[in-house]
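# Summary of structural features
Chain residues, written in single-letter form:
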Amino acid sequence: MRRIAITCGDPSGLGPELIEACLLEESYGEAEFVVFGSRSWCEKLESKGEGRVRGVALSDIDFAPGTPTPDGARLAIAAMEAAAKSCLDGECDAVVTGPISKALCVEVGYPFPGQTEFFADRWGGEPTMAFVGEHLKLCLATWHIPLGAVPEALDERTFKHSVRSAAHLGQRLGYGRPRILVCGLNPHAGEGGLLGTEEMDRLNPWLRELRGELEATIEDCVPGDTAFGRAMKGQADVVVALYHDQGLAPFKAVDFDSGVNVTLGLKHLRVSPDHGTGFEIAGKGIASKGSTHHAIQLACRMK
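Summary of the structure given here.

### Quick word on helix α10 (residues 244-255)
A rise of 1.5 Å per residue sets the reference length of α10, with its 12 residues, at 16 Å; its end C-alpha atoms lie 16 Å apart and thus fit the reference within 8%. Those residues of α10 lying buried are Gln246, Gly247, Leu248, Phe251 and Asp255. For α10, the elements touching its buried residues are β5 (125-132), β6 (137-140), α9 (224-232), β9 (238-241) and β10 (260-266).

In structure tokens:
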């Protein structure tokens, strides 16, 4: 039986209402849940969860939807800390995280650019940011760094780690020998050197080395503007994007309501819905619970 820790995220954002809708309206088999958040929210979920939900209250404040505060950011951080510890202590098997306001968290002393880096620090391992949606499966080689820093960051270790992670993700999702498409860094994957030489000089030779190592089918770098279309036509199982927006722009265009952020390479599984806090619509009852539902589903079934 899977035991899933769920953090509230920023308590004034969409996290609490969407988590509540999922846990009280959807079925997740025999899984049990531990939710970390405000006292009133935890007590509500525990009372209506039919024995499947245990609440861990970390704040007595009643937070207003759509009105973010420093105390809300502190609660979001405390929930992450408690959820990470629950896995280290063997009480939970995976964590589903609600969305946080990175800017507010930084204001109250949070030293990480995102939640991925937080869990890598607490659990250890070499993380890869990946995304699983209804139409696309994606791994990022780099993520929360400036675009100008990407070429230098794509060293051999980083690049190969992302491709290995893509193969691992495909296998965990049930593809025996996953087909991997790796986006080029330059337009048209360099156009034979006319638009950049990184593919010819470094990336494609590294891919040839990986073909002898991985149980996966891997082409040379392909143009980023065709990789995702090919994947949606069934010609690939996982796409590797070399920087954040190269992958997330097409992914969110087609899988916004079903997309799940998966952190690979750590000692425990961490997944999250693929959207932000949505302060502007929090509490209005108009947000889709699709991504949160798929995140919880994936945490329940993905080892």
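### Structural notes on the packing of helix α7 (residues 156-172) against helix α8 (residues 198-211)
Contact geometry of α7 with α8 gives a least axis separation of 10 Å together with a crossing angle of 50°. What the angle tells us is that α7 and α8 run oblique. Once α7 is placed against α8, the crossing between them reads as right-handed. In this structure, α7 contributes Glu156, Phe159, Lys160, Val163 and Arg164 to the contact, and α8 contributes Leu203, Trp206, Leu207, Glu209 and Leu210. Classifying every residue of the contact of α7 with α8 by side-chain character gives 6 nonpolar, no polar and 4 charged.

### Details of the environment of Ala78
Relative to the helices and strands, Ala78 is located in helix α3 (residues 70-88). On the basis of relative accessibility, which here comes to 28%, the residue Ala78 falls in the partly exposed class. As a C-alpha pair, Ala78 and Gly9 span 69 residues in sequence and 9.7 Å in three-dimensional space.

### Description of the side chain of Thr142
Structurally, Thr142 is set in the loop between β6 and α6 (150-153). Thr142 sits in the buried class, given a relative accessible area of 6%. Separated by 2.8 Å, the side chain of Thr142 and the backbone oxygen of Leu242 make a polar contact. Excluding its chain neighbours within four sequence positions, the residues that come into contact with Thr142 are Val150, Ala153, Leu154, Thr158, Leu242, Tyr243 and His244.

### A few points about the nonpolar core
In this structure, Leu23, Val182 and Val262 are the most contacted members of the largest nonpolar core, which totals 79 residues. Ranked by the residues each element gives to this core, the list is headed by α3, at 9 residues. Residues within four places of Leu23 in sequence aside, it is in contact with Ile6, Tyr28, Phe33, Val35, Leu45, Arg52, Val53 and Ile296. Residues Leu140, Leu181, Ala236 and Ala241 belong to the second largest nonpolar core, which totals 17 residues.

### Remarks on α9
Residues Ala227, Phe228 and Ala231 constitute the buried set of α9. Down the axis of α9, the buried set is contained in an arc of 85°. They therefore lie on one face.

What counts as what
Residues numbered from 1 in each chain as written. Predicted model: local features only at pLDDT ≥ 70, side-chain atom pairs only at ≥ 80, totals over all residues. Heavy atoms only, no water. Helix = DSSP H or I, 4+ residues; strand = E, 2+ residues; numbered from the N terminus. Expected span 1.5 Å × (residues − 1). Buried < 20%, exposed > 50% of the residue type's maximum accessible area, 1.4 Å probe, protein only. Contact = heavy atoms within 4.5 Å. Axes fitted to C-alpha atoms, helices over the stretch in contact; angles between N-to-C directions. Parallel < 35°, antiparallel > 145°, perpendicular 65-115°, else oblique. Left-handed = near helix turned anticlockwise from the far one by under 90°. Nonpolar A, V, L, I, M, F, W, Y, C, P; charged D, E, K, R; others polar. Polar contact = N/O pair within 3.5 Å; in protein donor to acceptor, adjacent residues only side chain to side chain. Core = buried A, V, L, I, M, F, W, Y, C linked by side-chain atoms within 4.5 Å. Arc of directions from axis to C-beta.

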